[in-house]
Amino acid sequence: MARGATGVALALALLYGGPATAQTKIGPVTLSGEAELGGRVVWHSGDKAKFEEYRDLVDGVIGNFDLLLENEEITHWLRGRGENVGYDDQRYWLEGGHYGRYQIEAFYGELPHIFSDSARTPYLRAGERTFELPPTFNIAAPDQALFHEVDQELKWREGRFGTKYHLGESLLLETSYRIQDKRATGNWGMNFGSPGGTFTSIPRRFDERIHESRVGLDWQLGEASILGEYLGKFYG
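Residues numbered from 1 in each chain as written. Predicted model: local features only at pLDDT ≥ 70, side-chain atom pairs only at ≥ 80, totals over all residues. Heavy atoms only, no water.

## Points about the overall build of the chain
- The helix and strand tally for the chain stands at one helix and 15 strands.
- The buried share among the 236 residues of the chain stands at 26%.
- Partitioning the intrachain contacts of the chain with sequence separation of at least 6 by distance along the chain shows that 52% fall at a separation of at least 24.
- Entry remark: accessible area of the chain is about 15,400 Å², with carbon and sulfur atoms responsible for 58%. (Helix = DSSP H or I, 4+ residues; strand = E, 2+ residues; numbered from the N terminus. Buried < 20%, exposed > 50% of the residue type's maximum accessible area, 1.4 Å probe, protein only. Contact = heavy atoms within 4.5 Å. Areas by Shrake-Rupley, 256 points an atom, 1.4 Å probe, with all protein chains shown as cover.)

## Thoughts on the confidence of the model for the chain
- Per-chain confidence: the chain averages 82 in pLDDT, with 81% of residues scoring 70 or above.
- pLDDT under 50 marks residues 11-17. Its contacts with residues more than four places away, or in other chains, come to 15 contacts. (pLDDT = per-residue confidence, 0-100.)

## As for the pattern of salt bridges
- Counted according to the given criterion, the structure contains 17 salt bridges.
- For Lys233, the salt bridge goes to Glu212, with nearest N and O atoms at 3.7 Å. One end of the pair, Lys233, is in strand E15 (residues 224-235); the other, Glu212, is in strand E14 (residues 199-221), and 21 residues separate them in sequence.
- Of the residues examined, Lys233 reaches a relative accessible area of 43% and is grouped as partly exposed.
- Using a relative accessible area of 8% as the deciding quantity, one classes Glu212 as buried.
- The residue Glu229 makes a salt bridge to Arg214 at a minimum N-O spacing of 2.9 Å. In this pair, Glu229 sits in strand E15 while Arg214 sits in strand E14, placing the two residues 15 residues apart along the sequence.
- Taking relative accessible area as the criterion, Arg214 reaches 27% and is therefore assigned partly exposed.
- Linked through salt bridges whose partners overlap, the residues forming this network are Glu158, Arg160, Arg178, Glu212, Arg214, Glu229 and Lys233. (Salt bridge = Lys/Arg side-chain N within 4 Å of Asp/Glu carboxyl O.)

## Details of the packing of aromatic side chains
- Under the defined criterion, the tally for this structure stands at three aromatic pairs.
- Judged by centre distance (5.6 Å) and plane angle (15°), the ring pair of Trp77 and Tyr99 falls under stacked. Here Trp77, found in strand E5 (residues 76-83), pairs with Tyr99, found in the loop between strand E6 (91-98) and strand E7 (102-116); they are 22 residues apart in sequence, far enough to count as distant.
- Trp77 sits in the buried class, given a relative accessible area of 14%.
- For Tyr99, a relative accessible area of 36% translates into the label partly exposed. (Phe/Tyr/Trp six-rings, centres within 6.5 Å; stacked < 30°, edge-to-face > 60°.)

## Some remarks on the side chain of Lys182
- Take Lys182: it is sitting in strand E13 (residues 171-192).
- The class of Lys182 is buried, set by a relative accessible area of 15%.

## Regarding the side chain of Glu95
- With respect to the helices, strands and loops of the structure, Glu95 is situated in strand E6.
- Despite its burial, Glu95 pairs with no opposite charge; the closest candidate is Arg81, at 4.1 Å N-O. (Lys, Arg positive; Asp, Glu negative; His and termini not counted.)

## Focus: unusual backbone geometry
- In this model, Ile74 sits at a positive phi of 55°, which is unusual for a non-glycine residue.
- Along the chain, Ile74 falls in the loop between strand E4 (60-71) and E5.

## Some details on the environment of Ala106
- Within the element layout of this structure, Ala106 appears in strand E7.
- Relative accessible area serves as the criterion here: at 27%, Ala106 is assigned to the partly exposed category.
- The spacing of Ala106 and Thr163 is 57 residues in sequence and 8.9 Å in space, taken between C-alpha atoms.
- Ignoring any residue separated from it by four or fewer positions in sequence, one finds Ala106 in contact with Tyr92, Trp93, Leu94, Arg160 and Phe161.

## Observations regarding the environment of Asn71
- Position of Asn71 relative to the elements: it lies in strand E4.
- The spacing of Asn71 and Lys25 is 46 residues in sequence and 9.6 Å in space, taken between C-alpha atoms.
- Setting aside its immediate chain neighbours within four residues, Asn71 contacts Pro28, Val29 and His76.
- Polar contacts involving the side chain of Asn71 include one to the side chain of Glu73, which spans 3.2 Å.
- Within the structure, Asn71 has its side chain in polar contact with the backbone nitrogen of His76 (distance 3.1 Å). (Polar contact = N/O pair within 3.5 Å; in protein donor to acceptor, adjacent residues only side chain to side chain.)

Here is the structure:
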């Protein structure tokens, strides 16, 4: 059976109908950028989990920002950005460095994947990765009072850190490290009863981390370039 949902997300900006921009001097540096603060009201019908499958779309206050700090000579800079602050699909960037010489970058973001918001199971957690049925549970005649709601969603967290350093006018060294953290609860399998009987979904816990390291050297030769790179991935 196909799942579907329709909805409307109405965002009301509280600052002049949109982001507020400004520039001010703070000692030896200049701060510029914009910040946005507003409210969101969401209406939907149908499958709520499908409507919010890859986002945290709920009523509440919403905020974004993009701020830049520069020194008087405009040689050094620091920039910070944020989207969907405080929600399960929030993202943040931090960048800075010396123009034309080096740059440091950092990122953190979250992404939800909602499978269902109405799943129910009789299984109880017996350990970090194990579940068991209540002693009084009868598969042939399940007691609905023994079922309880269980979240079925995946949360993907990602963090990155990288650097860029100009070793010369035509030689650029780049390094980066990234970690992806995936945690979820969902269905692992089913126990089928006799024809016309009942079946039970078995909850499964998913926990995975991927580490990625990268080092590259880019040599510019006029209209051509030579790129050497190392990429390593580690799972844990």
